[in-house]
Amino acid sequence: MLLSLRYCLLIVALLVLLFVAALLVGHQTLTVPDLWLLVQGQATPLQKIVVWELRIPRNLLALLVGAALATAGAIMQGVTRNPLASPGLTGVVAGASFVIVLLVSVWSVDAHWLPAAGFVGGIGAGCLTFYLAWQGRLLPLRIVLAGVAVTALCAAISTALLLFSGAEAGDLFFWLAGGLSGRGWLQVEQSWYWIVFPMLLSFALVQRFNLLLLDDDIARSLGLAVGRWRLLFLLLAVLMTAAVVSVAGPVGFVGLVIPHISKRLLSQQHPFWLPFTALLGALILLCADLLARLSAFPQEIPLGVITALLGGPWLLLLIRRGLN
Amino acid sequence: MATVQAATITDDRGVAVTLPEGANRVVAISTFGSDLMLALGLKPLAVTSFGPFSRPDFLGPELVGVPVIGSRAQVNMELLSEIEPDLILAIRRYTEKNASQFESIAPYMALDLVTLADSLRGVQLSGDILGKSAEATALNKQFQQQLAEFKQRAPGGVSAALLVTSSETPFIYHDHFISADLLGYLNAENIGGASATPEQALPLGYRMGLEELLEQDPDVIFLFASNKKRAFTLNPIWPYLRAVRNGRVYEVGHHWKEAAGPQARALILQEMAHRLYPNQFALPALSAQIQSRPYR
């Protein structure tokens, strides 16, 4: 218990440090005294705009995206009992991407409608997966198979649409790489409640989640309605993931890798494992976004590229250790 | 079309393009080709689409009824072969991958058309193969004189950005892209700056973060044509930009993207000059298809 508290405090401290660092660095570098002047309302107008309108909302969105993907990944891996499950397993990422590619390349829909449309697309794909997987109850293997099928279908149509998207192709490829560049308060306002409320609900229901980690028969013998609770947790993961993809695009590896790191630091049965995983996800994504902003300065590398570069080797390491 | 002189030209691939009987049935796989041919008093047998429009109508009524055989990057080869051209005039980077297919239909001339130097060379080379060398030389000379005259008249002291895309992060053009290059001839600074790899035509620019855009804070912003609301203009920092506060953001026509033709480049120069220095330069007469307008 004491160790887990230390880990939590360490992550929170790192989060605060990184958040402040991310406020200071950028095209215009600020100092801590500058930030203090800003808090007192005495900074230059340019500094105020840069910090309040660009860096703070972007950092908040990074925290939300990281926490949501990590929590959704943890839920997916837990309820499907599949260590390679990710938030996109139910087709939600491919579904959201498909709807956005469709709207941009065929109907030229304005950008401010895209998050809502992507969210609906993600939920739709998730529901289609559940429908296909349902056979009186939701079995993990059928969820995986149905999710793979829905993902493949959405990805195939998206690819075909991209080929005919003409001048929009560049924007779409940029969006499909995932990222927080140019995102601000609008995206925070559009997504926070679809992330925060499902996340808090999953934290509150952690006892049921822990039972779902057990074998179905054991969980049932302990009085858990396995199918119903599995569906509820999957829906929570779908909601969070759809909200994330709709504002940040597909950001890979976070939902897959963070739960594994989290399991090494804290027992999966620990009552604070899900919040701990969310904190870790927020920290890693804030770090990845900072790297995305700075590693090719003044240009940006798409966040999805950074998370893949960080997460890929880690995943390979995990697989290798698992095999050994 | 009555050109019958034999011609051999080396195109921008370094390939010799030979027309034993001259160019009589020419297909323009780019707005540049249509633009140039009409400026030379010729008419293409087929054209490609002009961005979201079927034809570049701003070039005049001569193109009405001329078949459209795809876009500059995706040509319908069946339609092209049915026309039986004796010369295909195209942009290299969009068509070179299909060079063998084009060459099986007709002699294929591929041009690099990114910079102003490309435009001047492309006009001359194309004029040569079309049997209109002197006229092409005159078109270039006339434009260069216009550049010199505008440079002399332009007061300077303004900065500008040429932004494209509808995503959250705008793409800004580097100096070497023709439309951005013209800013220099109007003594205006392009905040997109020079390319880090000037020996290469690509990339044409880069995605400029809003923080950098705010810091550079150009006097004038030119937004390239888009049929939907641009996401970066919805960001809270947008109203803080000087160009936005002063009402100096303009949506420009699609010809700014396809600027290499002799008519397009001249129209851009005149329109840009007016938008940068409204008191010194008059707004040229432009068709509704390409007329710039203040962005709201």
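The preceding data block contains the structure.
Basis of the calculations
Residues numbered from 1 in each chain as written. Chains lettered and ligands numbered in written order. Predicted model: local features only at pLDDT ≥ 70, side-chain atom pairs only at ≥ 80, totals over all residues. Helix = DSSP H or I, 4+ residues; strand = E, 2+ residues; numbered from the N terminus. Rg over C-alpha atoms; globule rule 2.2 N^0.38 Å. Buried ≥ 20, exposed ≤ 12 C-beta atoms within 10 Å, placed from the backbone. Contact = placed C-beta atoms within 7 Å. Pairing = 2+ DSSP bridges. Arc of directions from axis to C-beta. Nonpolar A, V, L, I, M, F, W, Y, C, P; charged D, E, K, R; others polar. Core = buried A, V, L, I, M, F, W, Y, C linked by C-beta atoms within 7 Å. Expected span 1.5 Å × (residues − 1). Bend = angle between axes of the 7 residues up to and from the residue. Axes fitted to C-alpha atoms, helices over the stretch in contact; angles between N-to-C directions. Parallel < 35°, antiparallel > 145°, perpendicular 65-115°, else oblique. Left-handed = near helix turned anticlockwise from the far one by under 90°.

Considering the overall build of chain A
Then step 1. Along its length, chain A carries 14 helices and zero strands.
Then step 2. Going from N to C terminus, chain A has its helices and strands arranged as α-α-α-α-α-α-α-α-α-α-α-α-α-α.
Then step 3. Taking 20 Å as the expected radius of gyration for a compact globule of 324 residues, we find that chain A reaches 20 Å, a close match to that expectation.
Then step 4. Residues classed as buried in chain A amount to 47% of the 324 residues present.
Then step 5. Long-range pairs, those at least 24 residues apart, make up 77% of the contacts in chain A between residues at least 6 apart in sequence.

Remarks on the overall build of chain B
Then step 1. The helix and strand tally for chain B stands at ten helices and 13 strands.
Then step 2. Against the globule reference of 19 Å for 296 residues, chain B gives a C-alpha radius of gyration of 19 Å, in line with a compact fold.
Then step 3. The principal-axis extent of the C-alpha atoms belonging to chain B is close to 60 × 40 × 35 Å.
Then step 4. Of all 296 residues assigned to chain B, the portion counted as buried reaches 50%.
Then step 5. Expressed as a percentage of contacts within chain B between residues at least 6 apart in sequence, the contacts between residues at least 24 apart total 60%.

Side note on the pairing of strand 6 (residues 108-111) of chain B
Residues in a regular strand project their side chains so that they alternate between the two faces of the sheet.
Residue and element names in this part refer to chain B.
Then step 1. Here strand 6 shows two buried faces, one formed by Tyr108 and Ala110 and the other by Met109 and Leu111.
Then step 2. Note: strand 5 (residues 87-91) against strand 6, four bridges, orientation parallel. The residue of strand 6 that forms the bridge with Ala90 is Ala110.

Section: helix 7 (residues 169-176) of chain A
A turn of α-helix holds 3.6 residues, and therefore any two residues three or four places apart point the same way.
Residues and elements named next belong to chain A.
Then step 1. For helix 7, the set of buried residues is Asp171, Leu172 and Trp175. Down the axis of helix 7, the sector holding all buried residues measures 95°, keeping them to one side.
Then step 2. Where helix 7 ends, the next residue or the one after it, Gly178, has phi of about 75°, a positive value.

Description of the interface of chain B and chain A
Then step 1. Listed per partner, the contact involves 26 residues of chain B and 28 residues of chain A.
Then step 2. Counting residues per element, the ones that place at least two in the side of chain B that touches chain A are strand 10 (205-207) and helix 8 (210-216) of chain B.
Then step 3. Broken down by element, the side of chain B that touches chain A gets its largest block of residues, five residues, from helix 8 of chain B.
Then step 4. Split by residue class, the side of chain B that touches chain A holds nine nonpolar, nine polar and eight charged.

Describing the environment of Arg81 of chain A
Then step 1. Along the polypeptide, Arg81 of chain A turns up in the loop between helix 3 (45-80) and helix 4 (92-107).
Then step 2. Arg81 of chain A gets classed as partly exposed once you count the C-beta atoms within 10 Å, which come to 14.

Brief notes about the environment of Ala282 of chain B
All names here are of chain B.
Then step 1. Relative to the elements of secondary structure, Ala282 occurs in the loop between helix 10 (262-276) and strand 13 (293-294).
Then step 2. Residue class for Ala282 comes out exposed when judged on the 10 C-beta atoms lying within 10 Å of it.
Then step 3. Sequence separation of Ala282 and Leu210 is 72 residues, and the distance between their C-alpha atoms is 32 Å.

Some thoughts on unusual backbone geometry
Then step 1. For the bond from Leu202 of chain B to Pro203 of chain B, the omega torsion is 5°, close enough to zero to count as cis.
Then step 2. Following the sequence through the fold, Pro203 of chain B ends up in the loop between strand 9 (188-190) and strand 10.

Considering the pairing of strand 7 (residues 158-164) of chain B
Residues and elements named next belong to chain B.
Then step 1. Burial analysis of strand 7 places five of its seven residues in the buried class, the great majority of the element.
Then step 2. Examined bridge by bridge, strand 7 and strand 9 share three bridges and lie parallel to one another. Along strand 9, the bridge assignment pairs Val158 with Ala188.
Then step 3. Pairing between strand 7 and strand 11 (residues 220-223): four bridges, direction parallel. Each residue of the ladder has a partner; that of Leu163, found in strand 11, is Leu223.
Then step 4. Sheet analysis places strand 7 next to strand 8 (residues 171-173), joined by two bridges and oriented antiparallel. If you follow Leu163 over to strand 8, its bridge partner there is Ile172.

Topic: the sheet that holds strand 6 of chain B
Residue and element names in this part refer to chain B.
Then step 1. A sheet is described by the order of its strands in space; here four strands give the open sequence 4-3-5-6, paired in parallel fashion. The strands lining the two open edges of the sheet, one partner per strand, are strand 4 (46-47) and strand 6.
Then step 2. In this structure, strand 3 (residues 26-29) lies alongside strand 4, joined through two bridges in parallel fashion. When the sheet's bridge partners are listed, Val27 is paired in strand 4 with Ala46.

Considerations on the nonpolar core
Then step 1. Formed by 180 residues in total, the largest nonpolar core has its most connected members in Val65, Ala68, Met240, Ala243 and Val244 of chain A together with Ile88 and Met109 of chain B.
Then step 2. Ranked by residue count, the leading element in this core is helix 3 of chain A, at 18 residues.

Some points on helix 3 of chain A
Residues and elements named next belong to chain A.
Then step 1. Compared with an ideal rise of 1.5 Å per residue, which puts 36 residues at 52 Å, helix 3 spans 51 Å between its outermost C-alpha atoms and is within 8% of the ideal.
Then step 2. Its maximal kink placed at Val51, helix 3 deviates by approximately 30°.
Then step 3. In terms of residue burial, helix 3 counts as a mostly covered element, since 29 of its 36 residues are buried.

Side note on the packing of helix 3 of chain A against helix 12 (residues 254-265) of chain A
Residue and element names in this part refer to chain A.
Then step 1. Direction vectors running N to C along helix 3 and helix 12 enclose 75°, while the axes themselves pass 7 Å from each other. It follows that helix 3 is roughly perpendicular to helix 12 by the angle criterion. Contact residues: helix 3 offers Gly66, Leu69, Ala70, Ala72, Gly73, Ala74 and Gln77, while helix 12 offers Val254, Gly255, Leu256, Ile258, Pro259 and Ser262.
Then step 2. Of the residues that constitute the contact of helix 3 with helix 12, the class distribution is eight nonpolar, five polar and no charged.

So, the packing of helix 7 (residues 178-185) of chain B against helix 10 of chain B
When two helices pack together, you describe them by how their axes are tilted relative to each other and by the distance separating the axes.
All names here are of chain B.
Then step 1. Remark: helix 7 packs on helix 10, axes separated minimally by 10 Å, with the N-to-C direction vectors making an angle of 50°. One way to sum up the angle between helix 7 and helix 10 is to call them oblique. As helix 7 packs across helix 10, the resulting crossing turns out to be right-handed. Residue-level contacts link Ile178, Ser179 and Leu182 of helix 7 to Arg265, Ile268, Leu269 and Met272 of helix 10.

Some thoughts on the environment of Leu204 of chain B
Residue and element names in this part refer to chain B.
Then step 1. Mapped onto the elements, Leu204 comes out in the loop between strand 9 and strand 10.
Then step 2. The spacing of Leu204 and Arg275 is 71 residues in sequence and 23 Å in space, taken between C-alpha atoms.
Then step 3. Filtering out sequence-adjacent residues up to four positions away, Leu204 remains in contact with Val114, Tyr173, His174 and Phe177.

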